[in-house]
Amino acid sequence: MHSLEPLFNPKSVAIVGASHHEGKIGNIVVRNIIASGYKGKVYLINPKGGEILGLPVYKSIDDIPEVDLSIIVVPAKIAVELAEKVAMKSKYIIVITSGFSEVGNIDGERKLVENAKKHGARILGPNVFGIFSAKAPINATFGPAEIKKGNIGVVSQSGALGIAMIGKAAEDNLGLSSIVSIGNKADLSEVEILSYLFQDKLTKVIFMYMEGLENGREFMEIVKKKPEEKKIIALKAGRSKAGARAVASHTGSLAGSDEIFDAAFRQAGIIRAYSLEDAFNWVATIASSPPPKGKNVVIITNGGGLGVVAADACEKYGLKLYDDIEMLKKTFEDVMPEFGSYKNPIDLTGQAGAREYELALKRAFEDENIHAILALYCERGDAELEALMNTLIKVHKEYKDKKPALYALFGGEGTSRIVAEMKKNRIPAFGEVEDAVSSLHALYKAYEKREEEKIEDVEMDEAGIEKIISNAINEGRNRLLSHEAKEILRLAGLDVPPFRLARNIDEAVKYAKEIGYPVAMKVVSEDILHKTDVGGVVLNIDNEEEAIDAYELIMKNSRMHVPKARIEGVEISKMLPKGTETIIGSTTDASFGKVLMFGLGGIYVEVLKDVSFRIAPVSKKEAERMVREIDSYPILAGIRGEKRKDIKAIIESIYRIGILVDKFEEIAELDINPLIVYEKGAKVVDARILIKVEK
Ligand code: ACO
């Protein structure tokens, strides 16, 4: 039995602060519990005693036996005072009361949890609207009394929105397995709730409304354990930008919390919606549709225009229109008028009514080569709408388990009425073509196969890396010098062309010769951040004479611009031929920990911000998805006669960086900028590493 069973399926509940006054929250909760047909024992607590809604009232929590669940609906101060006593009697406590950390009362919230934990009780909330669970069944919320049962689990961080969702679900006739308000998450968070819903037989689709996460890593861990058949749609609000905090790397400046959430969702197989409308459409579709068995989509329409709109939308969402005209002809031959078109979209033409739709839909449902149906209808202003509505509902009900079928009916009041009626029958029907297509896309995404991708350890010189890091920490430096950063990457197994730190002019000449001309020379100083800006970089040095000139110039420039700079010397490295510049980076997110970034260098990263993120470490498959995801991917894949770049080498580099930053907690930020990619190989040219120094 799951440890949260007493919360979702309590055998007994106590309402602390049950109110005698109709309309007050403490009264509504009692009314809803009774109205939901709850079969367990209900104890009402209020010092005034008496009776509420026909149930006896106990004057103190001391007077009742132990219960699975208590619901606290007294003001914050009293809630904190009572928490310990309530905890002695309960396994779980839902604290509906507001006025805690959300208004700065952090101390009160801490005490509340401490008091409860003393006696092993767990808290949901505070600042929540309660819980509905179809399993019990129990509606212990102060929202609407009637909640339809079904297979959708809702987890909401916002209370008000959660209550509104109950209303919206009722309007769309969506059935809920549970709805949980997690509020301030002082104790229980979405992580525990998800772990319950994953094993709950009633729940098929989980809809999460999220604002923030403190425990991103734990969240990722639990979502990784999601059973294949459960699907998650998330709506994440609050798009904060990274600019608010001080960051010293490209990666850090591009990694806003929203980008990180996006990456985490992709990695975890969570489908992200950006509007409530989309979220509800997608949840409804997934909740009521079987999985598609293949990619072939067929559009059936009575209007060419609507068909084209749908076909365009399918292209936008990457849905495949079934295009075997011979087969389509066979399937739809006896439905089509002479002048109809067999090219998908199947255009039944304007004269098509209930009978034609019935036949066409049946053919599409019965044809094994067709895997999903988009049926569209343009209102014609005739009297056949009633018949059409009945037909669509009848045929859908008969075949609905065979394959997904979604409907978009466009027009006026008549079609709106059909859509509403179809929704009442839990059929995915929409007034907009785009909504139907995006919902079908969400359904396909939900059933995308996700194989377990292993992250196997790679060999790297960990002792060598540790030595460089601890040396910097001992010296109180949080910024590694360029040659140190490059050395770490070399030890981690990346391809770093030869480089040396020269501490004087003689060494500079010697090392340049050893490495082989042409070389590049860069000043190495902890105090000089922007080497190029101070004239601290000379490229394409071809011989000894040029090397001497370059050394002297770099020293002069550096001393002139940053007189007090402590200069370690210059870094001599091999000049590399031109290739495609990319950037790999890592930063530390407050919630998700180490994250990875990939993009093309130069304007692609700086102006277009065309980058992809993931939570580190990543599998090679995930690294590949990161590379393919950026808009400028065609540049790497080879366009306009250019040869394909060594994408495998990029993937290997990302993979190793993921493992490196995961292993070495101290690496707070890292930029490889650029990593030059060739037709064969990818080489590190410049690198920056910031380490966490405990002050
Ligand atoms: N033990 C038990 N009952 C008590 C005790 C006690 N020690 N002391 C008082 N009570 C009773 C009161 O007598 C009262 O009952 P009555 O109406 O029969 O007299 C009942 O408990 C409630 O106490 P009140 O002082 O009347 O408090 P009120 O009902 O006004 O407010 C509440 C309590 C609802 C918890 C309020 O403090 C609150 O937090 N409201 C916001 C709730 C909220 O919005 N939560 C977030 C949800 S999500 C969203 O945003 C929509």
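### A short note on the site of the ligand
Lining the immediate surroundings of the ligand are 25 residues, of which Ser19, His20, Lys24, Lys48 and Ser98 lie closest. Asn46 places a polar side-chain atom, nitrogen or oxygen, 2.9 Å from an oxygen atom of the ligand. Between the ligand and the protein, one listed contact pairs a nitrogen atom with a backbone N or O atom of Ile96 at 2.9 Å. Counting residues per element, the ones that place at least two in the shell around the ligand are helix H3 (76-89) and helix H5 (159-171). Looking at the shell around the ligand element by element, the count peaks at three residues for H5. Of the residues contributing to the shell around the ligand, the split by class is 14 nonpolar, nine polar and two charged.

### A short note on the packing of aromatic side chains
Inspection of the entire model under this criterion finds seven aromatic pairs. Summarising the aromatic geometry, the rings of Phe207 and Phe280 are spaced 5.8 Å apart at their centres and angled 75° between planes, so their arrangement reads as edge-to-face. One end of the pair, Phe207, is in strand E12 (residues 205-210); the other, Phe280, is in helix H10 (residues 276-288), with 73 residues separating them in the sequence. You can call Phe280 buried: its relative accessible area is 8%. Seen in terms of ring centroids, Phe261 and Phe265 are 5.7 Å apart; in terms of plane orientation they differ by 65°. Their pairing is edge-to-face. Here Phe265 and Phe261 lie together in helix H9 (residues 257-268), a separation of four residues that amounts to about one turn. Given the relative accessible area of 5%, Phe261 is considered buried.

### Considerations on the sheet that holds strand E14 (residues 271-273)
In spatial order, the strands read E9-E8-E11-E10-E12-E13-E14; together these seven strands make up an open sheet with mixed pairing. Only two strands of the sheet have a single neighbouring strand rather than two, namely strand E9 (138-141) and E14. Neighbour-to-neighbour, the strand axes of this sheet turn through a mean angle of 20°, independent of strand direction. With five bridges connecting them, strand E10 (residues 149-156) and E12 associate as parallel partners. In the sheet register, Val155 faces E12, and the bridge partner there is Met208. Strands E10, strand E11 (176-181), E12 and strand E13 (231-236) of the sheet are contacted by helix H6 (residues 190-199), whose axis makes an angle of about 170° with E12.

### A look at the domain arrangement of the chain
Looking at the assigned domains, one finds that the chain contains domain 1 (290-446), domain 2 (498-575) and domain 3 (580-691). The gap between the C-alpha centroids of domain 1 and domain 2 is 68 Å.

### What to know about the pairing of strand E27 (residues 611-615)
Here E27 lies mainly inside the structure; five of its five residues are buried. Here E27 shows two buried faces, one formed by Val611, Phe613 and Ile615 and the other by Ser612 and Arg614.

### Quick notes on the side chain of Ser36
Relative to the elements of secondary structure, Ser36 occurs in the loop between helix H2 (25-35) and strand E2 (41-45). Given the relative accessible area of 17%, Ser36 is considered buried. Within the structure, the side chain of Ser36 is placed 3.0 Å from the backbone nitrogen of Asn139, a separation counted as a polar contact. When near neighbours in sequence (up to four residues on either side) are disregarded, Ser36 contacts Pro137, Ile138 and Asn139.

Reading the values: rules and limits
Residues numbered from 1 in each chain as written. Predicted model: local features only at pLDDT ≥ 70, side-chain atom pairs only at ≥ 80, totals over all residues. Heavy atoms only, no water. Near = heavy atom within 4 Å. Polar contact = N/O pair within 3.5 Å; in protein donor to acceptor, adjacent residues only side chain to side chain. Helix = DSSP H or I, 4+ residues; strand = E, 2+ residues; numbered from the N terminus. Nonpolar A, V, L, I, M, F, W, Y, C, P; charged D, E, K, R; others polar. Phe/Tyr/Trp six-rings, centres within 6.5 Å; stacked < 30°, edge-to-face > 60°. Buried < 20%, exposed > 50% of the residue type's maximum accessible area, 1.4 Å probe, protein only. Pairing = 2+ DSSP bridges. Axes fitted to C-alpha atoms, helices over the stretch in contact; angles between N-to-C directions. Contact = heavy atoms within 4.5 Å. Domains from an automatic or database assignment.

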